[in-house]
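The primary structure of each chain is shown beneath.
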Amino acid sequence: MKKKPVYAVIYGLMLAGYTTYALLDAFVIPHDTVVLSEVSTSENAGASTSEDTDEGIGVTTSQNKETSGKGNHSRKRKGGSSRDMSNVYASERSNGTSKSGNGSNSNDINNSSGSSNTNNSSGSSGSGSSSGSTDTDMTYESENVSITVTKEYIDNTYVYIADVTLKDTFLITSGLADGTFGRNITATTSEIAEEVNAVLAINGDFYGFRDSGYVMRCGYLYRSEMSSADAEDLVIYDDGSMEIIKEGDITAEELAANGAREIYSFGPGLIENGEISVDENDEVGQSMNSNPRTAIGYYGEGHYVFVVSDGRTSESTGLSLYQLAEVMKDLGVEYAYNLDGGGSSTMYFNGEVINNPTTNGNKISERSVSDIIYIPAE
């Protein structure tokens, strides 16, 4: 039996040490929040690496953490300048700007100049820390697509909400980094979005961070290995309908035979049949309580919502899993599903990243991911 070369042993030890550090850095070592006013455009134009996958492996665990609960959930909009809706490396927008293209984009920004006009959604109450006026609305209209993006201040966190109506439900689809399925193939959400000509995109489930969990994209089943019997996956069918399933209840092959077009294996489900399906103490893997978050929701035929929250910054603390579920409940969706969050959480709209993605909690930049969910421009 041959002995392993010395350099192979050394490489293995280095890799183990690096992996341990990355995990500690992501989940254990505390980081200061980003002070957005101190971040310059030039410092943060680059993309980040994918080492800080805060949301773990998509399995819910019960932890003793303080959460706001329904009684303290507040949903408020906060007014601001035109820079509020752009990220730190996007150019300043002026009021009334419209972008050219086959679809139209209207960016109407209401600068409040210190006025207070709080908009509380029905059914929510509690102690939001910030008051303000109606913020930015951005829209895109084409023959088959209608998108309205709004920004709201909820539970001390900026939340970006994209309401999407499609006449052709095949227009909700997936994009892979470099157009290829693979364990270590990554790119930023904006890079993938630009490659596939997306008008709207959010990060997906970061399938490449895991070796198991169902993965189907655009009707092709890439991975059918079960993560666990209790793992909850999101299924989008050919007719555009959504369903949340447990991998232990049905195989990926059976889902394909039933007309599945996309399967995302992160989770958990947030809303099922219009009701919150997580507990206040549920969290994702090794995730911290307050995080940037990404979710997708389904109202009914051709009607969806993409949601991304900021976090780990001086302006946005981030949301717990239950707070995210409350946001989706307030929006009135029938189904909602939690996607990869933390540094991955990114919303791209009409050529720009419009939120503030944070990597390791110490800088504003996009993390490279495996995949996106997007709506193509027409």
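Rules and cut-offs
- Residues numbered from 1 in each chain as written.
- Predicted model: local features only at pLDDT ≥ 70, side-chain atom pairs only at ≥ 80, totals over all residues.
- Heavy atoms only, no water.
- Helix = DSSP H or I, 4+ residues; strand = E, 2+ residues; numbered from the N terminus.
- Buried < 20%, exposed > 50% of the residue type's maximum accessible area, 1.4 Å probe, protein only.
- Areas by Shrake-Rupley, 256 points an atom, 1.4 Å probe, with all protein chains shown as cover.
- Pairing = 2+ DSSP bridges.
- pLDDT = per-residue confidence, 0-100.
- Contact = heavy atoms within 4.5 Å.
- Phe/Tyr/Trp six-rings, centres within 6.5 Å; stacked < 30°, edge-to-face > 60°.
- Lys NZ or Arg CZ within 6 Å of the ring centre and 35° of its normal.
- Core = buried A, V, L, I, M, F, W, Y, C linked by side-chain atoms within 4.5 Å.
- Salt bridge = Lys/Arg side-chain N within 4 Å of Asp/Glu carboxyl O.
- Polar contact = N/O pair within 3.5 Å; in protein donor to acceptor, adjacent residues only side chain to side chain.
- Patch = residues over 30% accessible without salt bridge, like charges linked within 9 Å, V, L, I, M, F, W, Y side chains within 5 Å.
- Lys, Arg positive; Asp, Glu negative; His and termini not counted.
- Charge placed at Lys NZ, Arg CZ, Asp CG, Glu CD.

### Section: the overall build of the protein chain
From N to C terminus, the protein chain includes five helices and 27 strands. By the burial criterion, 55% of the 378 residues in the protein chain qualify as buried. In the form shown here, the protein chain has an accessible surface area of approximately 15,700 Å², with 47% of it arising from carbon and sulfur atoms.

### A short note on helix α5 (residues 321-331)
α5 sits mainly inside the fold: nine of its 11 residues count as buried. Residues Leu321, Tyr322, Gln323, Leu324, Ala325, Glu326, Val327, Met328 and Leu331 constitute the buried set of α5. Phi turns positive, to about 85°, at Gly332, one or two residues after α5.

### Focus on the sheet that holds strand β22 (residues 347-349)
Pairing within the open sheet is antiparallel, and its five strands lie in the order β8-β27-β10-β22-β23. Each of the sheet's edge strands pairs with one partner strand only, and the pair in question is β8 (173-176) and β23 (352-353). Looking at chain direction, β22 and β23 are connected through two bridges and run antiparallel. Residue pairing in the sheet places Tyr348 in a bridge with Val353 of β23.

### Section: the confidence of the model for the protein chain
With 62% of its residues at a pLDDT of at least 70, the protein chain reaches an overall mean of 75. Low pLDDT, under 50, characterises residues 37-134; the predicted model gives this stretch 264 contacts beyond four residues in sequence or across chains.

### Focus: the pairing of strand β16 (residues 269-272)
Of the pairings in the sheet, the one linking β16 to strand β21 (residues 335-339) comprises three bridges and is antiparallel in character. Following the sheet pairing, Ile271 is matched in β21 by Ala336. Where β16 and strand β17 (residues 275-276) come together, two bridges link them in antiparallel fashion. By the bridge assignment, Glu272 is partnered in β17 with Glu275. Following β16, the chain reverses through two residues before pairing antiparallel with β17; Asn273 in that reversal takes a positive phi of roughly 55°.

### Notes on the packing of aromatic side chains
Two measures describe an aromatic ring pair: the distance that separates the ring centres and the angle between the ring planes. For the coordinates displayed, the defined rule picks out six aromatic pairs. With a centroid separation of 4.6 Å and an interplanar angle of 10°, the aromatic rings of Phe181 and Tyr222 are classed as stacked. Remark: Tyr222 occurs in strand β12 (residues 220-223) and Phe181 occurs in the loop between β8 and β9 (187-188); sequence separation between them is 41 residues. Grouping aromatic residues by their ring pairs yields a cluster made of Phe181, Tyr207, Tyr220 and Tyr222. For Lys151, the ring lying beneath its charged end belongs to Tyr158, and the centroid distance is 4.1 Å. For Arg261, the ring lying beneath its charged end belongs to Phe170, and the centroid distance is 4.4 Å.

### Here we look at the nonpolar core
Ile147, Ile172, Leu200, Phe306, Met347 and Ile375 are the most contacted members of the largest nonpolar core, which totals 35 residues. Among the elements that make up this core, the one with the highest residue count is strand β7 (residues 157-166) (five residues). Those residues in contact with Ile172 that sit more than four places away from it in its chain are Leu166, Ile236, Met242, Arg261, Glu262, Ile296, Tyr304, Phe306, Ile373, Tyr374 and Ile375. Counting 20 residues, the second-largest nonpolar core is a separate cluster that includes Leu270, Ile271, Val278 and Leu324.

### Some words on the pattern of salt bridges
Per the counting criterion, the structure on display carries six salt bridges. Linking Arg217 and Asp205 is a salt bridge whose minimum nitrogen-to-oxygen distance equals 2.8 Å. With Arg217 in strand β11 (residues 215-217) and Asp205 in the loop between β10 (198-203) and β11, this pair connects stretches of sequence that are 12 residues apart. Considered together, Arg217 and Asp205 belong to a single accessibility category, that of buried residues.

### Some details on the environment of Asp155
Note on placement: Asp155 falls in the loop between β6 (145-154) and β7. Assessed through its relative accessible area of 7%, Asp155 is described here as buried. Spatially, the C-alpha atoms of Asp155 and Gln323 are 8.0 Å apart, while their sequence positions differ by 168 residues.

### Regarding the environment of Tyr153
Examined against the element boundaries, Tyr153 turns out to sit in strand β6. Spatially, the C-alpha atom of Tyr153 lies 8.6 Å from that of Ser316, the residues being 163 residues apart in sequence. Within the structure, the side chain of Tyr153 is placed 2.9 Å from the backbone oxygen of Glu315, a separation counted as a polar contact.

### Quick look at the side chain of Thr358
Mapped onto the elements of the fold, Thr358 is located in strand β24 (residues 358-359). Overall, Thr358 belongs to the buried group, its relative accessible area being 0%. Within the local environment of Thr358, its side chain forms a polar contact with the backbone oxygen of Gly311, the two atoms lying 3.4 Å apart.

### Brief notes about a negative patch on the surface
A cluster of acidic side chains, namely Asp178, Glu191, Glu194 and Glu195, defines a negative patch on the protein surface. Summarising the element assignment, Asp178 is placed in the loop between β8 and β9. Here Asp178 falls in the exposed class, since its relative accessible area comes to 61%.

### Thoughts on unusual backbone geometry
A cis amide bond, omega 5°, links Gly267 with the succeeding residue Pro268. Looking at the secondary structure, you find Pro268 in the loop between β15 (260-264) and β16. Positive phi, close to 60°, is recorded for Asn156, a residue that is not glycine. Relative to the assigned elements, Asn156 resides in the loop between β6 and β7. Located in the positive-phi region is Phe206, a residue other than glycine, with phi close to 50°. With respect to the secondary-structure elements, Phe206 resides in the loop between β10 and β11. You can call Phe206 buried: its relative accessible area is 3%.

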